[in-house]
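Single-letter residue listing:
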Amino acid sequence: MPTLKSFAGVVLLMSMLWSLKFFYQQFDVPVRTLPYRGPLTVLIWDWPFHHVLNLSGDVCASLYHIQSCRLTGNRSLYSQADVVVFHHWELQEGMASLSSETKPPGQNWVWVTMESPTNTKALASWNQIFNWVMTYKQDSDIFIPYGELVPHLSASMEIPPKSGLVSWVISNYHQAQKRAKVYQELAKHLKVDVYGKASKKPLCPDCLLSTISRYKFYLAFENSVHQDYITEKLWRNALLAGTVPIVLGPPRANYEQFIPASSFIHVEDFGSMKELASFLRTMNSSCYQNFFNWRERYRVKLSTDWRERFCTICAQYSSLPQGKLYSDLESWFRT
Ligand SMILES: *[C@@H]1O[C@H](CO)[C@@H](O)[C@H](O)[C@H]1NC(C)=O
Ligand SMILES: *[C@@H]1O[C@H](CO)[C@@H](O)[C@H](O)[C@H]1NC(C)=O
Ligand SMILES: *[C@@H]1O[C@H](CO)[C@@H](O)[C@H](O)[C@H]1NC(C)=O
């Protein structure tokens, strides 16, 4: 009875396979493996502020050690692009050209801005369009802070020699801004040396840091107050220059998520600008030097090159959420 035996064998084998299937299902073993894909293509729909950067060669690999990432500004590659990035400032101008595009399957669209909600207009028209967001907000899909502290091993840097007390560089001065009011109040009690376009003392780009570094303190006052909106005013003008930031922006606790509590002064640390002024004037040198303790372990890394930000998309691509869509971009951004 060889046929019956082999028939029984086949039935046994099938039932084993069947139970194996349930066994694997129970543990939720992924059965789908993604096919091998070539490098990711990231299409930059418009260069931010129309400032075109050189993309020849493998820029992500050669500049930032990010492999398999092709950046392009060539819209002819639209249908092949895995990711298309849209910088908000240009979107405001070119809305029509975008709405005519249909999105190829699997392609993700990224909304990008480094500006704060106060300076971002016409957001309501961009609902149900973007899959990911790339901003200075920590809860962005791709988080791109203006700067960060990174560990370093070399000896701490010297504090630059000081000849002045407080400086401020300001190009857009508006009476209505909170920072203008705080400055006016502080200036009643203390001399603040003001530079920049809004003052009678504009600075050449190369003179900025060397000028600020001669002062003990710098007014790192943001143009508007929003969670995580901490800009180059802190990172470059104050921390990189080697002066102590007096910050106006989100609450102290938010700053402390980025930099050590002892590295800065917050305008809200004091009940009045008079108290702040007297604290600054009477500070002894050991207290002053303590503000620089972070330099023993960290250095400032500025983020300024848009290519680096765009290459980051490839580095994070595999962990970015699939099938996400921002149905209310404005409320996400404004909270
Ligand atoms: C762009 O970068 C490539 C590779 O680094 C370089 O050879 C080329 O000269 C650059 N082009 C311009 C216009 O700067
Ligand atoms: C853009 O890509 C298309 C298609 O690959 C190509 O024919 C064209 O020369 C490219 N344009 C530029 C400016 O590189
Ligand atoms: C410097 O000021 C701090 C804080 O006011 C104080 O605790 C410290 O004793 C002072 N040090 C010297 C050497 O005067």
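Keep in mind the model is a prediction, meaning the values are calculated, not measured.

J.: Kindly report on the site of ligand 2, identifying the contributing residues and their values.
T.: For ligand 2, the full set of nearby residues is Asn74, Ser76 and Leu77. Taking Asn74, its side chain carries an N or O atom lying 2.3 Å from an oxygen atom of ligand 2. Calculation on ligand 2 without its partners gives an accessible area of 360 Å², and the protein chains cover 24% of this total.

J.: Describe in detail the side chain of His87, supporting the description with residues and values.
T.: Its location among the elements puts His87 in strand S3 (residues 83-87). By relative accessible area, which is 6% here, His87 ends up buried. Here His87 is in contact with Asp46, Pro48, Phe49, Val112, Thr113 and Trp306, once residues within four sequence places are set aside.

J.: Quick one: what's the story with the state of the cysteines, residue by residue and with numbers?
T.: All told, the structure shown has three disulfides when counted by the stated rule. In this model Cys60 forms its disulfide with Cys311; the gap between the sulfur atoms is 2.1 Å. Taking the sign of the S-S torsion, about -85° here, the bridge from Cys60 to Cys311 comes out left-handed. Pair noted here: Cys60 is in helix H2 (residues 59-64) and Cys311 is in helix H11 (residues 306-316), with a separation of 251 residues, a long-range link. The same class applies to Cys60 as to Cys311, namely buried. Through a disulfide, Cys204 is tied to Cys207; the S-S separation comes to 1.9 Å. The sign of the S-S torsion, about 75°, decides the handedness of the disulfide formed by Cys204 and Cys207: right-handed. With its disulfide-bonded cysteines labelled consecutively along the sequence, the protein chain is connected as 1-5, 2-6, 3-4.

Basis of the calculations
- Residues numbered from 1 in each chain as written.
- Chains lettered and ligands numbered in written order.
- Predicted model: local features only at pLDDT ≥ 70, side-chain atom pairs only at ≥ 80, totals over all residues.
- Heavy atoms only, no water.
- Near = heavy atom within 4 Å.
- Polar contact = N/O pair within 3.5 Å; in protein donor to acceptor, adjacent residues only side chain to side chain.
- Areas by Shrake-Rupley, 256 points an atom, 1.4 Å probe, with all protein chains shown as cover.
- Helix = DSSP H or I, 4+ residues; strand = E, 2+ residues; numbered from the N terminus.
- Buried < 20%, exposed > 50% of the residue type's maximum accessible area, 1.4 Å probe, protein only.
- Contact = heavy atoms within 4.5 Å.
- Disulfide = S-S within 2.5 Å.

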